[in-house]
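# Coordinates in review
Single-letter residue listing:
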Amino acid sequence: MVIRRDAPTDAWIIIAIHSTRLGPAAGGTRMKSYLDVPAALQDALRLAEGMTYKMAAAELPRGGGKAVIALPPDFDTAARPSLLRRYGELIHQLGGTYHTGPDVGTSSEDMDLIAETGAPYVHARTASRGGSGSSGPATALGVYSGIQATWEWISAQTSLAGVRVLVQGAGTVGGPLMDRLLEAGAQVSFSDVEETVVRRYRDERGLTFVPPEQVYETECDIFAPCALGGVLNRETIPRLKCRAVAGSANNQLAEPEDAERLWARGILYAPDFVVNAGGAIALTGLEALGWPETEAESRVKEIGPRLRRIYEMAAAQGITTEAAARKMAEARLEPGRMNQMPHVTVL
Ligand code: PHE
């Protein structure tokens, strides 16, 4: 881990590198405020581990890492560009060990700022700065492909027409995901905590809005968590009235036992690090591996068939889908290297 307190803003910059076994550690930059610094550290560590599994499962030549910029409660947004440039310097100092992209709280415009000092290790810059733009639409395409495969597994139906999908979080990924689902004739409802987002989809587009406190007990076919992690836990799982969970949020399970809790309830779970890999796949491919657009798209669409193999493996071995997905990823990772003690550097 690289940890730095940014003196001018009092923000904490945390870069967690979980594995470089398959290539440079890559993962987005999350920027938000946290309860305290340990909470931010823990988030960075868990997210970095998730990236290792994501990259391995997606068969990309990348390891796992994540950055968290924990903002102070009174953060002055005018300080944002300079903070991002200092963060870019830190990435540049790591000399390619860590590559980044957008995540919760950061955009392609932010990537442009980070890349001013952090190049060439910054993905998803805007087109005007030579990047491929937001990773949200590609992540949404992958989740959509995953929802198709998930629905087909439980219903033997290839069409999503009339299927009730509840999207939690109509943001960078949830928004384009809803567009795809609507196009396919699904019956889409959504939840969000931001008034402007609620107005856009409920009032302007006429979608059914589910208040945040009612999300877990709302009946639907597929629940798609596309906001923050930890939403599948001992308290919410008993309340769920869905047949499957498939969404883009990272770290949806609060603890490992939640995979068994879902399984015991007969709810099919699409492991988050498999179904939400579309952005990482597309951006790494387009910007670092030289793939043309067509290849990036077809590789993102492999998420559905990959999930199907995971469902088959889980069913055949009598294990959870989470366990099957981890096995699949671990087959690409040398087990001995995964248990190293973390290195801590304070710069
Ligand atoms: N934040 C994203 C994720 O969690 C997307 C991303 C990762 C984009 C790595 C580019 C590179 O996967």
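Scroll up to find the structure.
### What about the sheet that holds strand E10 (residues 244-245)?
In space, the six strands of this open sheet follow the order E8-E7-E6-E9-E10-E11, with parallel pairing throughout. The two strands at the open ends of the sheet, each matched to only one other strand, are strand E8 (208-209) and strand E11 (268-269). Pairing between E10 and E11: two bridges, direction parallel. Bridging across to E11, Val245 finds its partner in Tyr269. Packing of helix H4 (residues 136-155) onto the sheet brings it into contact with strand E6 (164-168), strand E9 (222-225), E10 and E11, and relative to E9 it is tilted by some 155°. Relative to E6, helix H5 (residues 174-183) is tilted by about 170°, and along the sheet it contacts E6, strand E7 (187-191) and E9.

### Here's the deal with unusual backbone geometry
For the bond from Ala119 to Pro120, the omega torsion is 5°, close enough to zero to count as cis. With respect to the helices and strands, the residue Pro120 is situated in the loop between helix H3 (108-118) and H4. One non-glycine residue, Glu59, lies in positive phi territory at about 60°. Along the chain, the position of Glu59 falls in the loop between helix H1 (37-57) and strand E4 (63-70).

### Here we look at the site of the ligand
What surrounds the ligand is the set Gly27, Gly28, Met51, Lys54, Lys66, Pro102, Asp103, Asn250, Ala280 and Leu283. At a separation of 3.0 Å, an oxygen atom of the ligand approaches a polar side-chain atom of Lys66. Within the side chain of Asn250, one N or O atom sits 3.2 Å away from an oxygen atom of the ligand. With the chains in place, 95% of the 320 Å² that the ligand exposes on its own is no longer accessible. Looking at the shell around the ligand, the elements that each hand over two or more residues are strand E3 (25-32), H1 and helix H9 (278-288). Taken together, the residues that form the shell around the ligand break down as four nonpolar, three polar and three charged.

### Describing the environment of Tyr34
Relative to the assigned elements, Tyr34 resides in the loop between E3 and H1. The sequence separation of Tyr34 and Thr321 amounts to 287 residues, and the corresponding C-alpha distance is 31 Å. Once residues lying within four places of it in the same chain are set aside, the contact partners of Tyr34 are Ala39, Ala40, Asp43, Val68, Ala70 and Leu71. Within the structure, the side chain of Tyr34 is placed 2.5 Å from the side chain of Asp43, a separation counted as a polar contact.

### Re the pattern of salt bridges
Side-chain pairs of opposite charge can arise where the charged atoms are in close proximity. Under the criterion given, the structure shown has 25 salt bridges. Among the salt bridges present, the one from Asp10 reaches Arg5, with a minimum N-O distance of 2.8 Å. Judged by its relative accessible area of 40%, Asp10 falls in the partly exposed class. Exposure remark for Arg5: the relative accessible area of 43% places this residue in the partly exposed category. Between Glu49 and Arg326 there is a salt bridge whose closest N-O contact spans 3.5 Å. You can see Glu49 sitting in helix H1 and its partner Arg326 sitting in helix H12 (residues 321-330), a full 277 residues away along the chain. Members of the salt-bridge network, linked through shared partners, are Arg30, Asp43, Lys66 and Asp103.

### Quick look at H12
Along an α-helix, a turn takes 3.6 residues, which lines up residues three or four apart on a common side. Restricting attention to buried positions, one finds in H12 the residues Thr321, Glu322, Ala324, Ala325 and Ala329. Relative to the axis of H12, the buried residues are bounded by an arc of 165° and lie together on one face. Here the buried face of H12 lies against H1, helix H7 (257-264), E11, helix H8 (272-275) and helix H11 (303-317).

So, how was this worked out
- Residues numbered from 1 in each chain as written.
- Predicted model: local features only at pLDDT ≥ 70, side-chain atom pairs only at ≥ 80, totals over all residues.
- Heavy atoms only, no water.
- Pairing = 2+ DSSP bridges.
- Helix = DSSP H or I, 4+ residues; strand = E, 2+ residues; numbered from the N terminus.
- Contact = heavy atoms within 4.5 Å.
- Axes fitted to C-alpha atoms, helices over the stretch in contact; angles between N-to-C directions.
- Near = heavy atom within 4 Å.
- Polar contact = N/O pair within 3.5 Å; in protein donor to acceptor, adjacent residues only side chain to side chain.
- Areas by Shrake-Rupley, 256 points an atom, 1.4 Å probe, with all protein chains shown as cover.
- Nonpolar A, V, L, I, M, F, W, Y, C, P; charged D, E, K, R; others polar.
- Salt bridge = Lys/Arg side-chain N within 4 Å of Asp/Glu carboxyl O.
- Buried < 20%, exposed > 50% of the residue type's maximum accessible area, 1.4 Å probe, protein only.
- Arc of directions from axis to C-beta.

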